[in-house]
Amino acid sequence: MARPDAIVFCISQQYLSAGRQAALAEGLLAASPVPARLVRLEGTGPHLGMVLDELADEGHGRILVQLLGLPFSQSLAAWIPGVLAHWKAERGDGVELLLGDDDLIDADMLGRMAQAAVDRTDGAVAITDQKPSLGKPGWNKAPPFKHHLLVCTGPRCHFRGAPNLKIALTEALTAAGLSKECLVATTGCLYPCSQGPLLAAYPRGEWYRLLDRAAVERFVTTVIGAGEALPDLIVQHVAPLDTPSLSSGETP
């Protein structure tokens, strides 16, 4: 098979710090024999489709999408092929996509990693004088906010613009003088993924699909500011009684 002329490395790390992500990207991009990008499939940053658009616009016609993890999520690995097919259908300009084997880490590489862990123990920290703790004393109290707003940044909502939703929501709350009343938190998958990007508002118990800044501003003004619902933006998230529930470990 012909060699790709660009690579997109995909990782799944909900709580990866910006510094560690930058270090990972620097190492991968420097070592790659062809132009490369790193995409985090949840949280913040450009989503997979945006990065593919960028590479295609630069003239790359054969792009390898490489899943990277130890191991990589089986649910996401099953989801990615359809996402790539969706992007190709939307793009429609003949860019060829390749999906790399998600079992990239072979036995030799694992052996080198295990040996490196033993060889680098000079930098290990001995647990001797540290104070036993499971968290700060104040962490046993609920924060005094009137509204808890949960923004889903799971990979499916991330692909549909969830990072932009978090930014737009924060900016709109600040502009309206309501930010001190709201705890805005990002979460992993909340379901229903295909109706994202999603926001769950508590204690109201309503879930909203907010597709753009206009919808976000309406939500802040009406739901948070005036205390009224926006039925046209509410997502029905309670399954009918006759709908089979997901079995343990099953993902959409």
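In what follows, the structure referred to is the one given above.
Small disclaimer: the values here were computed from a predicted structure and weren't measured. (Residues numbered from 1 in each chain as written. Predicted model: local features only at pLDDT ≥ 70, side-chain atom pairs only at ≥ 80, totals over all residues. Heavy atoms only, no water.)

Regarding the nonpolar core
To be explicit about the condition: The criterion is simple. A nonpolar core is a set of buried Ala, Val, Leu, Ile, Met, Phe, Trp, Tyr and Cys residues joined through side-chain atoms within 4.5 Å. Three exposure classes are used, based on accessible area relative to the maximum for each residue type with a 1.4 Å probe and protein chains only: buried under 20%, partly exposed in between, and exposed over 50%. Only runs of H or I of at least four residues qualify as helices and only runs of E of at least two qualify as strands under DSSP, and these elements are numbered from the N terminus. Working rule for contacts: check all heavy atoms of both residues, and any pair within 4.5 Å makes them a contact.
Within the largest apolar cluster, 24 residues are counted, with the highest numbers of intra-cluster contacts made by Val8, Leu41, Leu48, Leu52 and Ile63. Going through the elements one at a time, β1 (6-11), α2 (48-57), β3 (62-67) and α3 (74-91) are the ones with two or more residues in this core. Ranked by residues supplied to this core, first place goes to α3 with seven residues. Not counting chain neighbours up to four residues away, the residues in contact with Leu52 comprise Val8, Ile63, Val65, Leu84, Trp87 and Leu97. Counting residues in hydrophobic clusters, the runner-up holds 21 residues, among them Val151, Leu165, Ala172 and Cys182.

Description of the side chain of His60
To keep it simple, the criterion reads: Pairs of N or O atoms within 3.5 Å make up the polar contacts considered here, provided that, within protein, one atom can donate a hydrogen while the other can accept it, and that residues adjacent in sequence are counted only when both atoms are side-chain atoms.
Looking at the element boundaries, His60 is found in the loop between α2 and β3. Here the side chain of His60 touches Asp5 through a polar contact of 3.2 Å, landing on its backbone oxygen. Setting aside residues up to four positions removed in sequence, His60 forms contacts with Asp5, Ala6, Pro35, Leu55 and Val95.

Focus: the packing of aromatic side chains
As a reminder of what qualifies: Stacked, tilted and edge-to-face pairs are distinguished by plane angle, under 30 degrees for stacked and over 60 for edge-to-face with tilted covering the rest, among Phe, Tyr and Trp rings (Trp via its six-membered ring) whose centres lie within 6.5 Å.
Taken as a whole, this structure holds two aromatic pairs when the rule is applied. Taking 6.4 Å as the distance between ring centres and 90° as the angle between the ring planes, the aromatic pair formed by Trp79 and Phe159 counts as edge-to-face. Within this pair, whereas Trp79 is found in helix α3, its partner Phe159 is found in helix α5 (residues 155-159), the two being separated by 80 residues in sequence. Take Trp79 and Phe159: they sit in the same class, and that class is buried. A ring pair is formed by Tyr208 and Phe219, whose centres lie 5.1 Å apart and whose planes are at 65°; its orientation type is edge-to-face. Of this pair, Tyr208 sits in strand β8 (residues 206-209) while Phe219 sits in helix α7 (residues 213-225), placing them 11 residues apart in sequence.

Observations regarding the environment of Thr186
As for its placement among the helices and strands, Thr186 is situated in strand β6 (residues 182-187). You can call Thr186 partly exposed: its relative accessible area is 35%. In this structure the C-alpha to C-alpha distance between Thr186 and Ala6, which are 180 residues apart in sequence, comes to 31 Å.

A word on α3
For clarity, the cut-off: Multiply 1.5 Å by the residue count of a helix minus one, and that product is the helix's expected span. What the bend at a residue measures is the angle between two axes, fitted to the seven residues ending there and to the seven starting there.
End to end, α3 covers 26 Å across 18 residues, agreeing with the expected 26 Å (1.5 Å per residue, within 8%). Remark: the principal bend of α3, roughly 30°, maps to Ile80, with a proline, Pro81, within the next four residues. Contacts from the buried residues of α3 go to α2, β3, β4 (96-99) and α5. The N-terminus of α3 is capped by Ser73, whose side-chain oxygen sits 3.3 Å from the backbone nitrogen of Ser75. Two residues or fewer after α3 comes Gly92, characterised by a positive phi angle close to 60°.

Observations concerning the side chain of Arg40
Which entries qualify depends on this criterion: Charge counting follows a simple rule: Lys and Arg are positive, Asp and Glu are negative, and His as well as the terminal groups are ignored. Throughout this description, the term salt bridge denotes a Lys or Arg side-chain nitrogen within 4 Å of a carboxyl oxygen of Asp or Glu.
Examined against the element boundaries, Arg40 turns out to sit in strand β2 (residues 36-40). No salt bridge forms around the buried Arg40; measuring N to O, its nearest opposite-charge neighbour Glu42 is 4.8 Å away. Of the polar contacts made by the side chain of Arg40, one reaches the backbone oxygen of Leu16; its length is 3.0 Å. Those residues in contact with Arg40, other than ones at most four positions away along the chain, are Ile11, Gln13, Gln14, Tyr15, Leu16, Gln21, Pro46 and His158.

Quick notes on the pairing of β2
Definition in use: A strand pair is defined by DSSP finding two or more bridges across the two strands. Handedness is read with the strands pointing away from the viewer; a crossover is right-handed when the path from the first strand over the helix to the second is clockwise.
Most of β2 sits out of view: five of its five residues are buried. Residue alternation in β2 divides its side chains into two sets, Ala36, Leu38 and Arg40 and Arg37 and Val39, and both sets are buried. Here β1 pairs with β2 via five bridges, running parallel. When the sheet's bridge partners are listed, Cys10 is paired in β2 with Val39. The parallel pair β1 and β2 is bridged by helix α1 (residues 18-31), and the resulting crossover is right-handed.

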